Amino acid sequence: ESISVSELSQAMGVKASDLIRKLMQAGKMATINAQIDADTAAFLATDFGYTVEKKGFEVEEFIPEVAEDESKLVLRPPVVTVMGHVDHGKTSLLDAIRQADVAAGEAGGITQHIGAYNVQTQHGPITFLDTPGHEAFTAMRQRGAQVTDLVVLVVAADDGVMPQTVESIKAAKAAGVTILVAINKIDKPGATPERVMQQLTEYELVAEQWGGTTIMLPVSARTKQGIPELLEYISLQSEVLELKANPEKLAAGRVIEAKLEKGRGPVATVLVEEGTLRVGDALVTGIHYGRVRAMMNERGEHVNDVPPGYPVEVLGLSGVPVAGDEFNVVEDEKSAKEVAQHRAEKARQKELGSVKKATLEDLFAKAKSGGGKVLNIVVKADVQGSAEAVTQALQKAATKKVGVKVLDSGVGAITESDVLTAAAGNGIIVGFNTKPETKVDNIASQQGVKILLFDIIYEAVDKIREEMAALLEPII
Ligand code: GDP
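Residues numbered from 1 in each chain as written. Predicted model: local features only at pLDDT ≥ 70, side-chain atom pairs only at ≥ 80, totals over all residues. Heavy atoms only, no water.

Asker: Quick one: what's the story with the site of the ligand, residue by residue and with numbers?
Answerer: Taken together, 15 residues lie near the ligand, and Asp87, Lys90, Thr91, Ser92 and Asp187 sit nearest. Contacts to the ligand include Lys90, whose backbone N or O atom sits 2.8 Å from an oxygen atom. Note that an oxygen atom of the ligand is positioned 2.5 Å from one of the side-chain N or O atoms of Thr91. Alone, the ligand offers 580 Å² of accessible surface; in the complex the protein occludes 76% of this. Among the residues forming the shell around the ligand, the class breakdown is two nonpolar, seven polar and six charged. (Near = heavy atom within 4 Å. Polar contact = N/O pair within 3.5 Å; in protein donor to acceptor, adjacent residues only side chain to side chain. Areas by Shrake-Rupley, 256 points an atom, 1.4 Å probe, with all protein chains shown as cover. Nonpolar A, V, L, I, M, F, W, Y, C, P; charged D, E, K, R; others polar.)

This is the structure in structure tokens:
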């Protein structure tokens, strides 16, 4: 990537002769038409009041990695995510499994939705993540969180393989997670499980009974037929995986869900991945910290210690952490606070850096579009494939006068963070086959960010052209 001295001078609003003088001082001879590389441009930009973000990843120095003591490892429950096409019965299946919980039956308790739950089966405990769908799975992975050991792919026997079925298969395969297929709704008159098995062979999922390696079970979330078998197979598969963790360490794991609750303060559902989490532990997650004041399981019961592989609701944090973030137990609350504050400071600096960096990139974009304007866009779509297709189509709409810059592109509903990203770049949000989360519309209008929703790509492109043209109109 290079830029000429004259382009850079125009873009920065600095005289070309000043730039050339600076270059000479640095021992570089240049003319007004000379091309300079990105590093040199960045150096000049810095000199004229722009700073450039430092690249590279700083290692977290506070939480030491301790070598695993093999002799301390014990088996832990598998963590399972249920994925599949909308309406194929993911939620119903999760509910049916919840009701199959032996322990819940004894307590007679109603289980609460805390984001994950553990069921005691005859073959051992299993932990289910309670947010169905590949969006949640993908979002967690994007944060580096790979907590799932097994995926249960739900396919309705009367409907067969659908787009989100395929997305789910891709997501699970990309993560290298074993898939178990639950062919659901077999109680329905039009159910044809063989057709589903046939369709799945196209995605390299061949049923065991057909000589393949994938377990495929006919189930009904409604009549509960096949649910005990499904749980048994999950346990069998997890035995093969030999999932182990050391319960004697300081606890560490991931935030599954978090919210602010009236009267309770920040509430986080965490999955303990190693060590044992105890009431009174000092904990840090992202920029938040605290002492574990109380813990509740999915049946609303207070618990004092939580071993690896189990989810629990935690009270006592200083703020609401981000789902997918890691948590660590540290020596004492003072160190927890120090780590959290250090991270907050780093995040703040990074944000400052990225604002300036965005400015520098804008300079390049501006220079390329002949000193014209740039339309900044955040793209959100239902699936990864569409997000990429929309991004490409919009980028192609760029002209000499108005550039198009996609600030971010992702999968899922439009979130507050998307709005803030767009707002930072004075940009707009393009949603494709998706919509804003509740209350996000309000935040967007507060921030003056336009949200445009489409389900046809060329309509999105047409509308973006209008937005680009509007940028060129003089502001009266
Ligand atoms: P999700 O979108 O994948 O979470 O699907 P839901 O669990 O919300 O189920 C969608 C619809 O299918 C609901 O009306 C359910 O009652 C129905 N459903 C789910 N499982 C079964 C089943 O095993 N048999 C029948 N007949 N209907 C089911």
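From this point, the narrative continues.
Asker: Explain the sheet that holds strand β7 (residues 150-156) to me, using residue names and the numbers behind them.
Answerer: As summarised here, the arrangement of the six strands in space is β5-β6-β4-β7-β8-β9, forming an open sheet in which the pairing is mixed. Edge positions in the sheet fall to β5 (116-121) and β9 (216-218), since each of these pairs with one other strand and no more. Sheet twist, expressed as the average angle between the axes of neighbouring strands with direction ignored, equals 30°. Pairing geometry for strand β4 (residues 79-84) and β7, over five bridges, is parallel. Looking at β7, one finds that Met83 is bridged to Leu153. (Pairing = 2+ DSSP bridges. Helix = DSSP H or I, 4+ residues; strand = E, 2+ residues; numbered from the N terminus. Axes fitted to C-alpha atoms, helices over the stretch in contact; angles between N-to-C directions.)

Asker: How would you summarise the pattern of salt bridges if you had to cite specific residues and measurements?
Answerer: Within the structure shown, the criterion is met by 21 salt bridges. Of the charged contacts in the structure, one is a salt bridge between Lys72 and Asp69, with a shortest N-O distance of 3.5 Å. Judged by relative accessible area, which is 31%, Lys72 ranks as partly exposed. Between Glu301 and Arg299 there is a salt bridge, with its nearest N and O atoms 3.7 Å apart. When salt bridges that share partners are traced, they join Lys259, Glu261, Arg264 and Glu313 into one network. (Salt bridge = Lys/Arg side-chain N within 4 Å of Asp/Glu carboxyl O. Buried < 20%, exposed > 50% of the residue type's maximum accessible area, 1.4 Å probe, protein only.)

Asker: With reference to specific residues and values, describe the pairing of β5.
Answerer: A large share of β5 lies buried, amounting to five of its six residues. Where β5 meets strand β6 (residues 124-129), six bridges bridge the pair, whose relative direction is antiparallel. Residue pairing for β6: Asn118 is matched across the bridge by Thr127.

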